[in-house]
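Chain by chain, the residues run as shown.
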Amino acid sequence: SISFMDFDSIPMAFKRFRKVKKINLIGTPSIGLDFFPHLRELVVEEIELTIPETCAWPSRIEILKTNKTKIVGLRSFTILPRLSELNMSFSGFDTMPKDLYKLEHFKYLSFGGHTFGNIDLRDFDFNKFKQLEYFEIVCWFDRVKGLPIGLNNHVCTRIIYKDISKQNREKLKRISCH
């Protein structure tokens, strides 16, 4: 893996590391990620991340982890067709695309301390996901509402957010992780 901290972009000199599979961007934008054709895991911290539709790197990403990051301009998850894990800490989207279920291999979703944008959990229909195994959202701000459709024991679920209704809290008590 390679880490880039506080670069304006990824220097072309790093192009020689073509076989790298994991990159950490800390305060560094995604400009230059196409240099790495074997990139599968991207860890992003403390930036506003744009996932461009015109670049090749998004189609290779299997794992995306963010910390204190706002993802902007993503209109569809289908530009990340291999994505199987999305793990976001104190992060979020300017607008959350509603087509995550279209990703064939998607298994793991975690929003820990959801910070940016609003999420209506009713936009998540667990019945549409083919392989989803884990769903977690924790938020202390007024940015989350509702519960996902199709809550059942097939998906390990952890949902905690400010002002969750008593009725929704009771529904969640009946769901357990196996």
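What counts, and where the lines are drawn
Residues numbered from 1 in each chain as written. Predicted model: local features only at pLDDT ≥ 70, side-chain atom pairs only at ≥ 80, totals over all residues. Heavy atoms only, no water. Helix = DSSP H or I, 4+ residues; strand = E, 2+ residues; numbered from the N terminus. Patch = residues over 30% accessible without salt bridge, like charges linked within 9 Å, V, L, I, M, F, W, Y side chains within 5 Å. Areas by Shrake-Rupley, 256 points an atom, 1.4 Å probe, with all protein chains shown as cover. Salt bridge = Lys/Arg side-chain N within 4 Å of Asp/Glu carboxyl O. Buried < 20%, exposed > 50% of the residue type's maximum accessible area, 1.4 Å probe, protein only. Pairing = 2+ DSSP bridges. Axes fitted to C-alpha atoms, helices over the stretch in contact; angles between N-to-C directions.

*Asks:* Any chance you could break down unusual backbone geometry for me, citing the residues and the numbers?
*Replies:* Its identity is not glycine, yet Asp-6 carries a phi of approximately 55°, on the positive side. As for its position among the elements, Asp-6 is in the loop between strand S1 (2-5) and strand S2 (22-26). One non-glycine residue with positive phi stands out, namely Lys-68, at about 55°. Position of Lys-68 among the secondary structure elements: in the loop between strand S5 (63-67) and strand S6 (70-72).

*Asks:* Could you give an account of a nonpolar patch on the surface, naming the residues involved and the relevant values?
*Replies:* A grouping of Phe-90, Trp-140 and Phe-141 is seen on the molecular surface, where their side chains present a nonpolar patch of about 330 Å² in accessible area. Tracing the backbone through its elements, the reader meets Phe-141 in the loop between strand S11 (134-139) and strand S12 (144-145). Judged by its relative accessible area of 39%, Phe-141 falls in the partly exposed class.

*Asks:* Before we move on, could you go through the pattern of salt bridges and cite the residues and values that matter?
*Replies:* Applying the stated criterion to the full structure yields 7 salt bridges. Residues Lys-22 and Glu-41 are paired through a salt bridge, measuring 3.9 Å at the closest nitrogen-oxygen approach. Placement of the pair is Lys-22 in strand S2 and Glu-41 in strand S3 (residues 41-45), with a sequence separation of 19 residues. Taking the shortest distance from any N to any O, the salt bridge between Asp-94 and Arg-75 comes out at 3.8 Å. One end of the pair, Asp-94, is in the loop between strand S8 (92-93) and strand S9 (108-112); the other, Arg-75, is in the loop between S6 and strand S7 (85-89), and 19 residues separate them in sequence. It is possible to trace a salt-bridge network through shared partners that takes in Lys-22, Glu-41 and Lys-65.

*Asks:* Could you give me a rundown of the sheet that holds S11, with the residues and numbers involved?
*Replies:* The 8 strands lie next to each other as S1-S2-S3-S5-S7-S9-S11-S13, forming an open sheet whose pairing is parallel. A single partner strand is all that each edge strand has here, and the edge strands are S1 and strand S13 (156-161). Neighbour-to-neighbour, the strand axes of this sheet turn through a mean angle of 10°, independent of strand direction. For S2 and S3, the ladder comprises 5 bridges, and the chain directions are parallel. Within S3, the position partnered with Lys-22 by the bridge is Glu-41.

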